Amino acid sequence: MRQRAAGISSDTASRRLPLPTTRDEVYRLGETLNEMLDRLDAGLERERRFVADASHELRTPLALLETELELALRQPRTADELESALRSAAEETDRLVRLAEDLLLVARADQGKLPVRPSSERIHTLVEQVAAGFRSRADGLGRLIEVDAPASLEIEVDAGRIRQALGNLVDNALRYGAGPVRIRTETRDGHVELHVTDEGAGFEPGFLPRAFERFSRADDARGRGGTGLGLAIVDAIARAHGGSASAANRKVGGADVWVTLPVGAERSGTTDL
Ligand SMILES: Nc1ncnc2c1ncn2[C@@H]1O[C@H](COP(=O)(O)OP(=O)(O)OP(=O)(O)O)[C@@H](O)[C@H]1O
Ligand SMILES: [Mg+2]
């Protein structure tokens, strides 16, 4: 056992210790150590997958950016053409910056280090701010964003993070749903639920259990430019507030995704960066 243990490193993390045939304390110790190796191995595997997925996601926008710039430089261009090329390069860069920020958030949440700075916030104001941020895009799509939140309800949250989480949900409802998008709050036994609903086709039922996994998206969504991090981030933000995130399809049709937060939220996140 000692010899095998000495040879185990991150490259050989799938190896396990040989167990003695005696069913004694040494056997049990070996068994416990093997279980520990299982957990470490799973953690390593998860980390490797994250790096692979993240690199894969970064490659596409980077390749687009490269092509954009190469084309712009290939032959003499008018000032207008150059300007338009620079504009799309800037858009691509913007997307990359957001992707990098999303990746960083997910990685931090994994280590339990998602910074959360709670203060007393009026939920109605928060929700209105999110809705206002999406109104012009919704207008362009001929869609409505409706808010249904009590004016007086206050809650201890990190306003920026909650706006980000709600923003991801409204973005999804506009991108994958149809009809009006409603942001609605519900209070029940010491919790506040922030729901975002739409009247589209809803989630593919088989996809629902995986919806909050990072990089997961129902297959055809890839073409629509999603990275599959939006809901993972919603989940991370909810947890950092001591809450949770859930998704379901509504009986009347459409998706319902919500964040449940304890009122006077106990925090599980840390405040240091
Ligand atoms: N309101 C909705 N209606 C139907 N399907 C949805 C809805 N919201 C999310 N989904 C499905 O869940 C998947 C995961 O959503 P998520 O927000 O995590 O990732 P994304 O939108 O693909 O990418 P990102 O948010 O990182 O840009 C989506 O790709 C889509 O297939
Ligand atoms: Mg999304």
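Residues numbered from 1 in each chain as written. Chains lettered and ligands numbered in written order. Predicted model: local features only at pLDDT ≥ 70, side-chain atom pairs only at ≥ 80, totals over all residues. Heavy atoms only, no water.

Novice: Before we go on, may I ask you to explain the site of ligand 1 in this structure?
Specialist: Taken together, 19 residues form the shell around ligand 1, and within it Asn 172, Tyr 176, Thr 227, Gly 228 and Leu 231 come nearest. Backbone polar atom of Thr 227 to an oxygen atom of ligand 1: 2.8 Å apart, as the coordinates give it. In the environment of ligand 1, an oxygen atom lies 2.9 Å from a nitrogen or oxygen atom belonging to the backbone of Leu 229. When isolated, ligand 1 has an accessible area of 600 Å², and the protein chains bury 93% of it. At the level of elements, helix H5 (159-176) and helix H6 (230-240) are the ones that each hand at least two residues to the shell around ligand 1. When residues of the shell around ligand 1 are assigned to their parent elements, the largest contribution, 4 residues, is made by H5. Looking at the shell around ligand 1 residue by residue, the class counts come to 9 nonpolar, 7 polar and 3 charged. (Near = heavy atom within 4 Å. Polar contact = N/O pair within 3.5 Å; in protein donor to acceptor, adjacent residues only side chain to side chain. Areas by Shrake-Rupley, 256 points an atom, 1.4 Å probe, with all protein chains shown as cover. Helix = DSSP H or I, 4+ residues; strand = E, 2+ residues; numbered from the N terminus. Nonpolar A, V, L, I, M, F, W, Y, C, P; charged D, E, K, R; others polar.)

Novice: Any chance you could explain the domain arrangement of the protein chain here in plain terms?
Specialist: Often, the extent of an interface is quoted as the loss of accessible area upon association of its parts. One can read the domain layout of the protein chain as domain 1 (1-111) and domain 2 (119-262). Using only C-alpha atoms to locate each centre, domain 1 and domain 2 end up separated by 27 Å. Taken together, the contact pairs 13 residues of domain 1 with 10 residues of domain 2. Buried surface at the junction of domain 1 and domain 2, both sides included, amounts to about 1000 Å², of which 64% is carbon and sulfur. Where domain 1 meets domain 2, there are 2 salt bridges. Among the salt bridges present, the one from Arg 214 reaches Asp 110, with a minimum N-O distance of 2.9 Å. Our enumeration of links across domain 1 and domain 2 arrives at 2 residue pairs in polar contact (both at pLDDT 80 or more). For the side of domain 1 that touches domain 2, the leading source of residues is helix H3 (residues 79-110), giving 7 residues. Among the residues making up the side of domain 1 that touches domain 2, the classes are represented as 7 nonpolar, 1 polar and 5 charged. (Domains from an automatic or database assignment. Contact = heavy atoms within 4.5 Å. Buried area = accessible area lost by both parts, 1.4 Å probe. Salt bridge = Lys/Arg side-chain N within 4 Å of Asp/Glu carboxyl O.)

Novice: Looking at this model, I keep getting lost on the confidence of the model for the protein chain. Mind explaining?
Specialist: Atomic detail in the predicted coordinates should be set aside for any region of low pLDDT. This prediction gives the protein chain a mean pLDDT of 91; 94% of its residues lie at or above 70. Taken as a whole, residues 265-273 scores under 50 in pLDDT and shows 23 contacts with residues more than four places along the chain or in a different chain. (pLDDT = per-residue confidence, 0-100.)

Novice: Looking at this model, I keep getting lost on helix H2 (residues 25-74). Mind explaining?
Specialist: Side chains three or four residues apart in an α-helix point the same way, a direct result of the helix having 3.6 residues per turn. Compared with an ideal rise of 1.5 Å per residue, which puts 50 residues at 74 Å, H2 spans 72 Å between its outermost C-alpha atoms and is within 8% of the ideal. The complete set of buried residues in H2 reads Tyr 27, Gly 30, Asn 34, Leu 37, Asp 41, Phe 50, Ala 54, Glu 57, Pro 61, Leu 65 and Ala 72. Against H3 lie the buried residues of H2. A distance of 3.3 Å separates the backbone nitrogen of Val 26 from a side-chain oxygen at the start of H2, and that oxygen is part of Asp 24. (Expected span 1.5 Å × (residues − 1). Buried < 20%, exposed > 50% of the residue type's maximum accessible area, 1.4 Å probe, protein only.)

Novice: Before we go on, may I ask you to explain the pattern of salt bridges in this structure?
Specialist: If charged atoms from side chains of opposite charge come close, those side chains can pair. A full pass over the atoms with the stated rule returns 17 salt bridges. One salt bridge in this structure joins Glu 57 and Arg 217, with 2.8 Å as the shortest N-O distance. Separated by 160 residues along the polypeptide, Glu 57 in helix H2 and Arg 217 in the loop between strand S5 (191-197) and H6 bring together distant segments of the chain. In this pair, the class of Glu 57 matches that of Arg 217, namely buried. Across the pair Glu 92 and Arg 95 runs a salt bridge whose closest N-O atoms are separated by 3.3 Å.

Novice: Explain the pairing of strand S6 (residues 244-249) here, please?
Specialist: Within a regular strand, side chains alternate between the sheet's two faces. In the sheet, S6 pairs with strand S7 (residues 255-262) via 6 bridges, with the strands oriented antiparallel. In the strand pairing of S7, Asn 249 is matched with Ala 255. Between S6 and S7, which pair antiparallel and follow one another directly, the connecting turn spans 5 residues, one of which, Gly 253, has a positive phi of 100°. (Pairing = 2+ DSSP bridges.)

Novice: Is there a simple way to think about the sheet that holds strand S2 (residues 145-148) in this case?
Specialist: Note: strands within a sheet are paired through backbone hydrogen bonds, in either parallel or antiparallel orientation. Strand order in the open sheet formed by 5 strands is S2-S4-S5-S7-S6, and the pairing between neighbours is mixed. Since the sheet does not close on itself, it has two edges, and those belong to S2 and S6, each with one partner. The sheet shows a mean angle of 20° between the axes of neighbouring strands, taken without regard to direction. Where strand S4 (residues 181-188) meets S5, 7 bridges bridge the pair, whose relative direction is antiparallel. Across the sheet, residue Glu 186 finds its bridge partner in S5, namely Glu 193. (Axes fitted to C-alpha atoms, helices over the stretch in contact; angles between N-to-C directions.)

Novice: Looking at this structure, how should I read the packing of H5 against H6?
Specialist: Any two packed helices are characterised by the angle at which their axes cross and by the distance between the axes. Where H5 meets H6, the closest approach of the two axes is 9 Å, and the angle between their N-to-C directions is 150°. Judged on the interaxial angle alone, H6 and H5 are roughly antiparallel. Between H5 and H6 lies a crossing of left-handed hand. Contacts between H5 and H6 involve Arg 161, Ile 162, Gln 164, Ala 165, Asn 168, Leu 169 and Asn 172 from the former and Gly 230, Leu 231, Ile 233, Val 234 and Ile 237 from the latter. Per-class residue counts for the contact of H5 with H6 are 7 nonpolar, 4 polar and 1 charged. (Parallel < 35°, antiparallel > 145°, perpendicular 65-115°, else oblique. Left-handed = near helix turned anticlockwise from the far one by under 90°.)

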